[in-house]
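Structural features, examined
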Amino acid sequence: MIRAVFFDVGGVLKSGYRNACEQFARKICNSIEEYEVFEEQYFPELETGTRSRRAFFSLLSKRFSFSIEDLEKEWKKAYLETFIENTETRTFALNLKPKYIVGIISDVTTLIIDYNYEKGVYEGFDPVILSAETGFVKPQREIFDEANKRSKTTPAECIFIDDKPPLIEKAREYGFHGILYQNPTQLREEFNKIITFS
């Protein structure tokens, strides 16, 4: 019996990160590729919460000759201006309560986690399992174990929804039911199939 449904955030409940990077890059350097090469060096630390946004911008300021304050300002502006909430999917998710536990399992960097809280991205979801807070990233087993621990469920009682095929495959290996997200209509159909046959 399904008791809990866990959603990814980027690409499922919201989008816009790539657009934010492009807008930010136009302000501080020559190309999005130049910025992404720099960010990629520190991405694992940003994603596991071991490097703060300010520490990253301190390095960025030396590389591109901008003040930390100006970088903070431009990044926040770019992120919030390009933020797109997938309202239909969010509504579907929250309407699953109270019949199901509805939570989040998401990789998120310290660059955006505070802004996501400000925007209410995680409101209404419980538990919320985030890489920058747990120190684990998908597809590590520990982040899924944490979801089971906090929701007091077993993998077989959970559905995990993500837009990345390798992560869905890994979740299924751990015993979760998986839905590869494409759009709200497809999500609803796949969800109903699992509920009917589980």
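Figured I'd write up the structure that's included with this text.

Here we take up the sheet that holds strand S7 (residues 177-180). Where strands meet in a sheet, backbone hydrogen bonds hold them as pairs that are either parallel or antiparallel. With respect to topology, 5 strands assemble into an open sheet ordered S5-S4-S1-S6-S7, the strand pairing being parallel. If you trace the sheet from one side to the other, it starts and ends with strand S5 (128-130) and S7, each paired once. With direction set aside, neighbouring strand axes in the sheet form an average angle of 20°. Pairing geometry for strand S1 (residues 4-7) and strand S4 (residues 101-106), over 4 bridges, is parallel. Its bridge partner lying in S4, valine 5 is registered against valine 102. Sheet strands in contact with helix H10 (residues 184-197) are S1, strand S6 (158-162) and S7, and its direction is about 160° off that of S7.

Turning our attention to the pattern of salt bridges. Scanning all chains against the criterion turns up 18 salt bridges. Between glutamate 36 and arginine 18 there is a salt bridge whose closest N-O contact spans 2.3 Å. A residue pair is termed long-range when its members are at least 10 positions apart, and glutamate 36 in helix H2 (residues 32-47) and arginine 18 in helix H1 (residues 17-28) qualify at 18 residues. For arginine 51, the salt bridge identified is with glutamate 45, shortest N-O distance 2.5 Å. Given a relative accessible area of 29%, glutamate 45 falls into the partly exposed group. Several salt bridges converge on common partners, so that one network encompasses Asp8, Lys138 and Asp162.

The next subject is the pairing of S6. Counting buried positions along S6 gives 5 out of 5 residues, so the element sits mostly inside the fold. Residues Cys158, Phe160 and Asp162 line one face of S6 and the alternating positions Ile159 and Ile161 line the opposite face, and both faces are buried. As judged from the 4 bridges shared by S1 and S6, these two strands associate in the parallel manner. Bridge pairing in S6 places valine 5 opposite isoleucine 159. Looking at chain direction, S6 and S7 are connected through 4 bridges and run parallel. From the neighbouring strand, isoleucine 159 faces S7, where its bridge partner is histidine 177. Regarding topology, helix H9 (residues 165-173) serves as the crossover connection from S6 to the parallel S7, and that connection is right-handed.

A few words on helix H5 (residues 87-94). Inspection of H5 places Thr89, Arg90, Phe92 and Ala93 among the buried residues, and these make up the whole buried set. One side of H5 carries all its buried residues, which in axial view fall inside an arc of 160°. Each element contacted by the buried residues of H5 is listed here: S1, strand S3 (84-85), S4 and H10.

Structurally, asparagine 148 is set in helix H8 (residues 141-151). For asparagine 148, the side chain forms a polar contact with the side chain of threonine 153, separated by 3.1 Å.

What follows concerns the packing of aromatic side chains. In this structure the tally under the stated criterion is 19 aromatic pairs. Summarising the aromatic geometry, the rings of phenylalanine 7 and phenylalanine 125 are spaced 6.3 Å apart at their centres and angled 65° between planes, so their arrangement reads as edge-to-face. In this pair, phenylalanine 7 is assigned in strand S1 and phenylalanine 125 in the loop between helix H6 (113-118) and S5, connecting sequence segments 118 residues apart. Classification of phenylalanine 7 by relative accessible area gives buried; the value is 0%. Accessibility expressed as a relative area gives 5% for phenylalanine 125, which makes it buried. Ring plane angle 55° and centroid distance 5.7 Å describe the contact between phenylalanine 38 and phenylalanine 56, whose orientation is recorded as tilted. Within this pair, whereas phenylalanine 38 is found in helix H2, its partner phenylalanine 56 is found in helix H3 (residues 53-64), the two being separated by 18 residues in sequence. The two residues phenylalanine 38 and phenylalanine 56 agree in class, both being buried.

Conventions we followed
- Residues numbered from 1 in each chain as written.
- Predicted model: local features only at pLDDT ≥ 70, side-chain atom pairs only at ≥ 80, totals over all residues.
- Heavy atoms only, no water.
- Pairing = 2+ DSSP bridges.
- Helix = DSSP H or I, 4+ residues; strand = E, 2+ residues; numbered from the N terminus.
- Axes fitted to C-alpha atoms, helices over the stretch in contact; angles between N-to-C directions.
- Contact = heavy atoms within 4.5 Å.
- Salt bridge = Lys/Arg side-chain N within 4 Å of Asp/Glu carboxyl O.
- Buried < 20%, exposed > 50% of the residue type's maximum accessible area, 1.4 Å probe, protein only.
- Right-handed = clockwise from strand over helix to strand, strands pointing away.
- Arc of directions from axis to C-beta.
- Polar contact = N/O pair within 3.5 Å; in protein donor to acceptor, adjacent residues only side chain to side chain.
- Phe/Tyr/Trp six-rings, centres within 6.5 Å; stacked < 30°, edge-to-face > 60°.

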